[in-house]
Amino acid sequence: MYSSENIVSDARHLAPEIQKLRHELHRQPEVGLDLPLTQQRVLEWLEPLGFEVTLGQELSSVTAVLRGGAARDDAPSVLLRGDMDALPVREKSNVSYASQTGNTMHACGHDLHTAMLAGAATILADRRDQLAGDVVFMFQPGEEGFDGAGHMISEGVLEAAGATVDAAFGLHVMSALGTSGQFMSRPGPVMSSSAGLFVTVHGQGGHGSAPFLAKDPVYVAAEMVTAMQGMVTRRFDVFDPVVISVGVFEGGHARNVIPETAHFEATVRSFSRETFAALEQELPRLLRGIASAHGVDVEIELRPEYPVTINHESETAFASRAVVELFDESAYAQMANPLAGSEDFSRVLEHVPGAFIFLSALAPGIEASEAQFNHSPFAEFSDEVLPKGTALYTHLAISKLAELSAN
Ligand SMILES: [Zn+2]
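Residues numbered from 1 in each chain as written. Predicted model: local features only at pLDDT ≥ 70, side-chain atom pairs only at ≥ 80, totals over all residues. Heavy atoms only, no water.

S.K.: Sorry if this is basic, but what is going on with the coordination of the zinc ion here?
M.R.: Each angle at a metal carrying four tetrahedral donors should ideally be 109.5 degrees, and each at a metal carrying six octahedral donors should ideally be 90 or 180 degrees. Taken together, the protein donors to the zinc ion comprise Cys108 (SG), His110 (NE2) and His172 (NE2), at separations of 2.1 to 2.3 Å. Mapped onto the sequence, the residues coordinating the zinc ion show the spacing C-x1-H-x61-H. Taken together, the positions of His110 in helix α3 (residues 110-126) and His172 in strand β5 (residues 167-174) put the pair 62 residues apart, joining distant regions of the chain. As far as burial versus exposure is concerned, His110 and His172 are alike and both buried. (Donors = N, O, S within 2.8 Å, 3.2 Å for Na, K, Ca; no water. Helix = DSSP H or I, 4+ residues; strand = E, 2+ residues; numbered from the N terminus. Buried < 20%, exposed > 50% of the residue type's maximum accessible area, 1.4 Å probe, protein only.)

S.K.: In this structure, what is going on with the nonpolar core? I would like to understand it.
M.R.: Across soluble globular proteins, nonpolar side chains have a tendency to be buried as a group. With 62 residues, the main nonpolar core has Leu46, Leu80, Leu124 and Phe137 as its most contacted residues. The element contributing the most residues to this core is α3, with 10 residues. Residues within four places of Phe137 in sequence aside, it is in contact with Phe51, Val62, Thr63, Ala64, Leu66, Leu80, Leu117, Ala120, Ala121 and Leu124. Judged by nonpolar contacts, the second largest core, of 27 residues, contains Phe236, Ile244, Ala262 and Val268. (Core = buried A, V, L, I, M, F, W, Y, C linked by side-chain atoms within 4.5 Å. Contact = heavy atoms within 4.5 Å.)

S.K.: Just checking my understanding: could you explain the pattern of salt bridges for this structure?
M.R.: If the charged atoms of two oppositely charged side chains come close together, the side chains can form a pair. The tally for this structure, following the rule as stated, stands at 17 salt bridges. Between Asp147 and Arg347 there is a salt bridge, and its shortest N-O distance comes to 2.8 Å. Highlighted residues: Asp147 in the loop between β4 (134-140) and α4 (148-154) and Arg347 in helix α8 (residues 345-351), separated in sequence by 200 residues. In this structure, Asp147 and Arg347 share a single accessibility class: buried. Here the residues in one salt-bridge network are Lys20, Glu24, Arg41 and Glu44, joined through shared partners. (Salt bridge = Lys/Arg side-chain N within 4 Å of Asp/Glu carboxyl O.)

S.K.: For this particular structure, what's the right way to read the packing of aromatic side chains?
M.R.: Two aromatic rings are characterised by how far apart their centres lie and by the angle between their planes. Per the stated rule, a full pass over the model turns up six aromatic pairs. Pairing Phe356 with Phe358 gives two aromatic rings, centres 5.4 Å apart and planes at 80 degrees, and the pair type is edge-to-face. Each member of the pair Phe356 and Phe358 is classed as buried. The rings of Phe345, Phe356 and Phe358 are connected pair by pair, giving a single aromatic cluster. When the ring centre of Phe327 is taken as origin, the NZ or CZ atom of Lys388, which lies over that ring, is 5.2 Å away. (Phe/Tyr/Trp six-rings, centres within 6.5 Å; stacked < 30°, edge-to-face > 60°. Lys NZ or Arg CZ within 6 Å of the ring centre and 35° of its normal.)

S.K.: Help me out: how do you make sense of the environment of Ala161 in this one?
M.R.: Checked against the element boundaries, Ala161 lands in the loop between α4 and β5. Sequence separation between Ala161 and Glu52 is 109 residues, and the spatial gap between their C-alpha atoms is 9.0 Å. Not counting chain neighbours up to four residues away, the residues in contact with Ala161 comprise Val65, Arg67, Ser77, Asp134 and Val136.

S.K.: When you look at the sheet that holds strand β10 (residues 242-250) in this model, what are you seeing that I'm missing?
M.R.: Strands in a sheet are paired, the pairing made by backbone hydrogen bonds, and the direction either parallel or antiparallel. The sheet built from four strands is open, its strands ordered β10-β12-β8-β13 with antiparallel pairing. Two strands lie at the open edges of the sheet, namely β10 and β13 (297-304), each paired on one side alone. Averaged over all adjacent pairs, the angle separating strand axes in this sheet is 20 degrees, with direction ignored. Relative to strand β12 (residues 261-270), strand β8 (residues 193-202) runs antiparallel, the two being bridged by 10 bridges. By the bridge assignment for β12, Gly196 is matched with Thr267. Those strands touched by helix α5 (residues 217-235) are β8, β10, β12 and β13, and its axis lies near 165 degrees from that of β10. Sitting on the sheet, helix α6 (residues 273-293) is in contact with β8, β10, β12 and β13, with an inclination near 165 degrees to β13. (Pairing = 2+ DSSP bridges. Axes fitted to C-alpha atoms, helices over the stretch in contact; angles between N-to-C directions.)

S.K.: Can you walk me through the sheet that holds β5 in this structure?
M.R.: Taken together, eight strands build an open sheet; the order of strands is β1-β2-β4-β3-β5-β16-β6-β15 and the sheet is mixed. Pairing within the sheet leaves two strands with one partner each, and these edge strands are β1 (52-55) and β15 (332-334). Neighbour to neighbour, the strand axes of the sheet diverge by 25 degrees on average, direction disregarded. In this sheet, strand β16 (residues 354-360) lies alongside β5 in parallel orientation, the contact comprising seven bridges. Its bridge partner being in β16, Leu171 is matched across the sheet by Ile357. Seen against the sheet, helix α2 (residues 36-46) touches β1, β2 (62-66) and β4 and runs at an angle of roughly 15 degrees to β2. The strands touched by helix α9 (residues 386-406) within the sheet are β3 (77-83), β4, β5, β6 (183-185) and β16, with β3 carrying the most contacts at an inclination of about 160 degrees.

Take a look at the structure:
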């Protein structure tokens with residue numbers, strides 16, 4: 001018989017296996033869209049479960065469909081997503097299962113996501129008779145800037161069970177946020193959109209002693225950098241913020257020579273679709289206006305990366321109730337603000353109702369303020385949270401399918 005307590009004890013029972021899988025993945029981190037070793041390990045785990053498995057064409061994804069035993073022909077379906085890729089970071093953490101590759105690291109905890117989702121696959125396979133519909137497991141490569149979710153959507157992950165899935169849930173562990181083991185989320189925007197800004201100012205070179213005979217692109221580019229911060233505060237709503245940070249600024253090779261060109265690149269973050277649309281208008285207008293004022297040319301490219309991750313209100317409430325049913329009231333915290341990182345699960349949430357939930361995985365005995373954040377070479381994620389994440393994935397699938405089939 002189904003009860004949420006059983007799920008928690010099933011997940012605890014499976015915890016050593018989940019942890020073993022996580023450590024294996026952590027030792028062999030792979031970056032990008034092509035993760036052959038990780039894919040192989042996931043396939044080995046799923047092999048005995050009897051799912052319908054499809055592999056990606058353009059990327060080493062694994063899509064697995066579990067058909068619920070109690071499902072009708074028009075049964076609902078729920079998607080659970082775990083990303084699997086690592087980062088090009090040299091690991092400096094002290095964990096005994098540290099990366100053995102030398103130049104790649106699971107510094108964002110995606111090894112935990114893969115392992116927790118694999119754990120949920122095992123528990124749900126055992127309970128397939130209790131499922132009022134189908135479960136789609138989305139094991140995704142290339143979250144870290146490669147748009148793996150976009151690729152998997154193009155290749156049909158949302159329709160893997162037949163009709164488009166009715167709901168989708170994703171989890172993300174955090175190494176320096178919250179209280180260890182606590183789930184956190186919020187309705188509405190939960191992570192920012194991101195875009196890359198690439199600007200080249202074409203001036204006219206000359207001798208540094210006679211700038212009036214040249215058209216100094218460095219001066220103009222510098223004005224653009226500061227003017228963008230003015231634009232952020234003067235043109236955008238303080239309650240719908242914009243973040244622009246210039247991380248590359250290049251021009252010239254000698255201190256007394258005015259170069260022909262100057263180039264800068266920035267990351268541009270925002271928290272609503274409307275604000276990003278406004279940025280696409282305002283940024284080029286500002287930069288062109290400054291170039292024109294100084295009589296120089298400018299090339300501008302604003303390259304959208306990930307859209308804003310927007311949690312659906314009812315699904316976020318559903319997920320927070322699921323956490324409380326499994327554990328207790330203190331296991332869920334509503335976030336006051338979104339995070340300014342970005343996430344390609346946003347693509348799934350553009351098509352399907354769902355929610356993205358964070359899980360604090362602070363190493364035992366460490367406060368959030370002292371811990372190293374995701375992506376740090378020192379970041380550590382606690383194994384203790386693995387059964388919790390597995391239990392939540394499992395409970396979300398069972399209870400969401402029950403709700404959908406009752407309606
Ligand atoms: Zn991540």
